[in-house]
Amino acid sequence: MKSAIHSTRIISEGTLKNATIIITDGIITEILDGLVQLPAMPFVEAGDNVVMAGVIDPHVHINEPGRTEWEGFDTATRAAIAGGVTSLVEMPLNASPVTVTAAAFDEKIQAAHNKLHTNCGFWGGLIPGNVKDIEPMAAKGVLGFKAFLTHSGIDEFPNVTEADLHKAMPIIARLGLPLLVHCELTTPHDKETMANKRSYHDYLISRPRSWEDEAIAMMIRLCEQYMCRTHIVHLSSSGSVEQIKNAKQKGLPITVETAQHYLYFAAENIKDGQTAFKCAPPIREQENNELLWDALKSGVIDFAATDHSPATPALKELQTGDFSKAWGGIASIQFALPALWTAAKKRNAGITDMAMWLCEKPARLMGNENNKGKIARGYTADLVVWNPEQSFTVTESIIQHRHKITPYLNEQLYGTVAQTWLQGVKVFDNGTFTRLNQGKIILK
């Protein structure tokens, strides 16, 4: 089966091209200059819309099985394709059971059956005492392992210590998989202490940048000791940029993501009681976040990922506005592309930067850099067609994830998603889901 799609703005090889993509059985087989219509071949004209490799989000909490009332595969992956996300990787906590054994991974796969509207891979979990489960989970096909250095919010997913990492990192390094780390290093004396439970300022100072900076320093040291691929998730502290830069210059196998909400919002604009903004690490001050932008643009930070982490209205404490009790997580997978682009265009970033930060570099983390994340011959025809000049307002009526809670509500965002394609099949078209259940499970 062959088809073609043309646009005056196709992102390929780091540049915008007027070209026609030829797709054969779901694979990009040719990229021809200009508009080329071949006889008897279905043809789509995208005009001046940007055609880019589909967005890859390697940091998503879906919470199924067990906590599906927070979010499930059906709603999360609908939101994904509505936002141009063609592949995501699901985190091992928040579900019940947590994905820390091969048996729990089997349950996760079963729960996802017939509910995937986009492609989905899975991280395994690293917790105290499950070192023996690393290799069995790897044999099942997890793409890597996730660990916390502070309480995860889920009692069944406790944080690891440095002693645990000394046991686990040599094994993960031998397997060639990445270790993803939530870097906030706390001691028993470091409790969230807030004089005013509704104060965002009090919440912010309760989780200082030093927690991140000390944790990242430890992970750089362990990365160098074991040469284990180490990935720092959702960096929010600009205080760590210099030590990360130095580690990369030494050739250490370390990568870093930040999140769209750290690049779009700033603490100065978050009002007391607005618990939709609560996440950990917290959204910091504008000055800090501009330094994150500098690090992203210079390549010290590799890419952005949403850390989509939804919860019920009750868990978000929307009525009380209590930051000390509210679940720390931001729901945003549907707005991964427009949120980043809206903030990026204000800072003179280019359209092609979106392909690097949302497609190419995330594909490397999940081990799919040879078949996903680019528009190139031999790559899967996972595509997003979007208009960078057109804006829209986020309203509850367009939100596809389960609960209509997001700090992006009522924000005007640029970058409307017109179409999403999976394996050469159009699954979303201008607000309509044209084909569901087309997602595939991604295994290592």
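What follows deals with the pattern of salt bridges. Using the criterion set out here, one finds 18 salt bridges in the structure. Note that R78 and D74 form a salt bridge whose closest N and O atoms lie 3.1 Å from each other. One end of the pair, R78, and the other, D74, are both in helix α1 (residues 73-82), four residues apart, so they sit about a helical turn from each other. E184 is the partner of R207 in a salt bridge, and the nearest nitrogen-oxygen pair spans 2.8 Å. Here R207 is found in the loop between α5 (200-206) and α6 (209-226), whereas its partner E184 is found in the loop between β11 (179-182) and α5, with 23 residues between them in sequence. In terms of burial, R207 and E184 fall into one category: buried.

A separate point is helix α4 (residues 162-175). With 14 residues, α4 should cover 20 Å at 1.5 Å per step; its first-to-last C-alpha distance of 20 Å lies within 8% of that length. The largest bend in α4 is about 35°, located at A168, with the proline P170 one to four residues further on. Buried within α4 we find D164, L165, A168, M169, I171 and I172. Buried residues along α4 sit against α3 (134-140), β10 (145-148), β11, α6 and β12 (230-232).

Within this model, the second largest pocket holds a volume of roughly 260 Å³. Lining the second largest pocket are 14 residues; nearest its centre among them are A82, Q334, I398, V417 and F428. If one sorts the elements of the lining of the second largest pocket by residue count, strand β16 (residues 412-422) sits on top with three residues.

Further remarks concern the sheet that holds strand β8 (residues 119-122). The strand order across the open sheet built from three strands is β6-β7-β8, with neighbouring strands paired in parallel fashion. Only two strands of the sheet have a single neighbouring strand rather than two, namely β6 (55-60) and β8. Neighbour to neighbour, the strand axes of the sheet diverge by 20° on average, direction disregarded. For β6 and strand β7 (residues 85-90), the ladder comprises four bridges, and the chain directions are parallel. Across the sheet, D57 pairs through a bridge with L88, a residue of β7.

Okay, the sheet that holds strand β9 (residues 124-125) next. The sheet built from six strands is open, its strands ordered β9-β10-β11-β12-β13-β14 with parallel pairing. Since the sheet does not close on itself, it has two edges, and those belong to β9 and β14 (303-304), each with one partner. Inspection of the sheet shows strand β13 (residues 254-258) paired to β14 by two bridges, in the parallel sense. Following the sheet pairing, T258 is matched in β14 by A304.

As defined by bridge partners, strand β2 (residues 15-24) adjoins strand β3 (residues 27-33) across six bridges and the pair is classed as antiparallel. The residue of β3 that forms the bridge with I21 is I31.

Below, the discussion takes up the packing of α6 against helix α7 (residues 241-249). Where α6 contacts α7, the axes come no closer than 10 Å and their chain directions differ by 10°. By the criterion of interaxial angle, the relationship of α6 to α7 is roughly parallel. Residues D213, I216, A217 and I220 of α6 lie in contact with α7, whose contacting residues are Q243, I244 and A247. Split into classes, the residues belonging to the contact of α6 with α7 amount to five nonpolar, one polar and one charged.

Glancing now at the nonpolar core. With 118 residues, the main nonpolar core has I5, M52, L165, L179, M219 and M354 as its most contacted residues. Listed in part, the 23 residues of the second largest apolar core include W70, V100, L180 and A305.

Our focus in this paragraph is the packing of aromatic side chains. Here the structure, examined in full by the defined rule, presents 16 aromatic pairs. Considering the side-chain rings of Y200 and F323, the 5.5 Å spacing of their centres and the 70° angle between planes classify their relative orientation as edge-to-face. With Y200 in helix α5 and F323 in the loop between β14 and α10 (336-345), the pair connects residues that are 123 residues apart, well separated along the chain. Taken together through their ring pairs, the aromatic side chains of Y264, F265, F277, F335, F392 and Y408 make up a single cluster. Of note, R78 hangs over the ring of F433, and the distance from its end group to the ring centre comes to 5.6 Å. The aromatic ring of Y414 is capped on one face by K345, whose charged end is 4.3 Å from the ring centroid.

Conventions and cut-offs
- Residue indices follow the written sequence of each chain, beginning from 1 at its first position.
- At least 70 in pLDDT is required for a residue's local features to be given in this predicted model, at least 80 for side-chain atom pairs to be given and counted, and no such filter applies to totals for whole chains, interfaces and linings, which use all residues.
- Note that water and hydrogens are dropped before the side-chain values are worked out from all heavy atoms of the structure.
- Just to be clear on terms, a salt bridge is a Lys or Arg side-chain nitrogen sitting within 4 Å of an Asp or Glu carboxyl oxygen.
- Strands are runs of DSSP state E lasting at least 2 residues, helices are runs of H or I lasting at least 4, and numbering of each runs from the N terminus.
- Relative accessibility decides the category of a residue: with a 1.4 Å probe and only protein chains considered, values under 20% of the type maximum give buried, values over 50% give exposed, and everything between is partly exposed.
- What a helix is expected to span follows from its residue count: subtract one and scale by 1.5 Å.
- The angle between axes fitted to the seven residues ending at a residue and the seven residues starting there is what we call the bend at that residue.
- The contact criterion used throughout is that any non-hydrogen atoms of two residues lie within 4.5 Å.
- Method remark: on a 1 Å grid restricted to protein atoms, a set of points is classed as a cavity if a 1.4 Å probe fits but cannot get out and as a pocket if it is open with protein on both sides within 12 Å along at least five of seven lines; lining residues have an atom within 4 Å of a point.
- Grid points are joined across faces, edges and corners, and a volume is the space filled by probe spheres set on the points.
- Note on pairing: DSSP must find at least two bridges between two strands before they are called paired.
- Whenever a helix is involved, its axis is fitted only over the stretch in contact; in every case the axis is a line through C-alpha atoms, and angles between N-to-C directions fall within 0 to 180 degrees.
- Roughly parallel means an angle under 35 degrees; roughly antiparallel means over 145; roughly perpendicular covers 65 to 115; every other angle is labelled oblique.
- Three residue categories are used. Nonpolar comprises Ala, Val, Leu, Ile, Met, Phe, Trp, Tyr, Cys and Pro, charged comprises Asp, Glu, Lys and Arg, and polar comprises the others, including Gly.
- What we call a nonpolar core is a set of buried Ala, Val, Leu, Ile, Met, Phe, Trp, Tyr and Cys residues that are connected through their side-chain atoms within 4.5 Å.
- Aromatic pairs are defined between Phe, Tyr and Trp rings, using the six-membered ring for Trp, whenever the two ring centres lie within 6.5 Å; interplanar angles under 30 degrees are classed as stacked, those over 60 as edge-to-face, and all others as tilted.
- Either the NZ atom of lysine or the CZ atom of arginine qualifies as a charge over a ring when it sits within 6 Å of the ring centre and within 35 degrees of the ring normal.

Nothing here speaks to function; it is all geometry.
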